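# Close look at the chain arrangement
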Amino acid sequence: FEWTQEAYLKASNPGESDRFGSSVALFGGTLVVGAPYESSGATDVNGDQDDNSADRSGAVYVFRSVGGTWTETAYLKASNTEKDDRFGDAVALSGDMLAVGAPQEDSIATGINGDQDNNSLGQSGAVYLRKIAP
């Protein structure tokens, strides 16, 4: 086998100690990359990457390859971004379903779709599921 580098990927908003690449998942032509120490206070999809108000809240970047050319297609944050959550510490991708771990998320919610805003249970952790559109 002869291995050749196809691409060298970086975040669209690299920051010191973001730890981009701490977790990666590849499925077909879609790559997701976790940066659990990224510090934007943005929420959900393609928010303000320059708002560094939530230290180590974490982020996930979605890249797609078309004809061997990789492009960042989404910047993902938790729906309840908070300091020190480490969203993106773990990622898993299967088809169009993405799972993202945030091991230090603090909500007291139980089960599925509980109250994300009650942060009275420190570092209890959470997993976020998101469908990725083609």
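Refer to the structure printed above.
Anyway, here's the lowdown on the structure attached to this text. (Residues numbered from 1 in each chain as written. Predicted model: local features only at pLDDT ≥ 70, side-chain atom pairs only at ≥ 80, totals over all residues. Heavy atoms only, no water.)

The next point concerns the overall build of the protein chain. Check the secondary structure of the protein chain and you find 0 helices and 7 strands. Each helix (α) and strand (β) of the protein chain, taken in turn from the N terminus, gives the series β-β-β-β-β-β-β. Scaling as 2.2 N^0.38, a compact globule of 134 residues should have a C-alpha radius of gyration of about 14 Å, and the protein chain matches this with 15 Å. Each principal axis of the C-alpha atoms in the protein chain carries an extent, and together these give about 50 × 30 × 25 Å. In the protein chain, which comprises 134 residues, the share counted as buried stands at 36%. In the protein chain, the proportion of contacts linking residues at least 24 apart, taken out of those at least 6 apart, comes to 52%. (Helix = DSSP H or I, 4+ residues; strand = E, 2+ residues; numbered from the N terminus. Rg over C-alpha atoms; globule rule 2.2 N^0.38 Å. Buried < 20%, exposed > 50% of the residue type's maximum accessible area, 1.4 Å probe, protein only. Contact = heavy atoms within 4.5 Å.)

So, about the sheet that holds strand β7 (residues 126-131). The antiparallel open sheet is built from 3 strands, whose spatial order is β5-β6-β7. Edge positions in the sheet fall to β5 (90-94) and β7, since each has one partner strand and no second. Between one strand axis and the next, the sheet turns through 15° on average, direction left out of account. The pairing of β5 with strand β6 (residues 97-102) spans 5 bridges and is antiparallel. Paired with Ala90 across the two strands is Gly101, which belongs to β6. (Pairing = 2+ DSSP bridges. Axes fitted to C-alpha atoms, helices over the stretch in contact; angles between N-to-C directions.)

Our focus in this paragraph is a nonpolar patch on the surface. A surface patch of nonpolar side chains, amounting to about 310 Å² of accessible area, comprises Met97, Val127 and Leu129. The residue Met97 is located in strand β6 in this model. Looking at Met97, the relative accessible area reads 33%, which means it is partly exposed. (Patch = residues over 30% accessible without salt bridge, like charges linked within 9 Å, V, L, I, M, F, W, Y side chains within 5 Å. Areas by Shrake-Rupley, 256 points an atom, 1.4 Å probe, with all protein chains shown as cover. Salt bridge = Lys/Arg side-chain N within 4 Å of Asp/Glu carboxyl O.)

Glancing now at the packing of aromatic side chains. Across all of its chains, the model carries 4 aromatic pairs by this definition. Here the aromatic rings of Phe20 and Phe63 are separated by 6.3 Å at their centres, their planes lie at 80°, and the arrangement is edge-to-face. Taken together, the positions of Phe20 in the segment before β1 (23-27) and Phe63 in strand β3 (residues 59-66) put the pair 43 residues apart, joining distant regions of the chain. According to the relative accessible area criterion, Phe20 is partly exposed, its value standing at 27%. Ring centres 5.3 Å apart and planes at 75° place the aromatic pair Phe87 and Tyr128 in the edge-to-face group. Of this pair, Phe87 sits in the loop between β4 (69-76) and β5 while Tyr128 sits in strand β7, and the two are 41 residues apart along the sequence. Take Phe87 and Tyr128: they sit in the same class, and that class is buried. Grouping aromatic residues by their ring pairs yields a cluster made of Phe20, Tyr61, Phe63 and Tyr75. The ring of Tyr37 carries the charged tip of Arg19 above its face, separated from the ring centre by 4.1 Å. (Phe/Tyr/Trp six-rings, centres within 6.5 Å; stacked < 30°, edge-to-face > 60°. Lys NZ or Arg CZ within 6 Å of the ring centre and 35° of its normal.)

Glancing now at unusual backbone geometry. A positive phi is found at Asp84, a non-glycine position, where the angle reads about 70°. You can see Asp84 is positioned in the loop between β4 and β5. With a relative accessible area of 23%, Asp84 lands in the partly exposed category. Although it is not a glycine, Gln123 adopts a positive phi angle of roughly 55°. Along the chain, Gln123 falls in the loop between β6 and β7.

Honestly, it's all geometry; don't read function into it.
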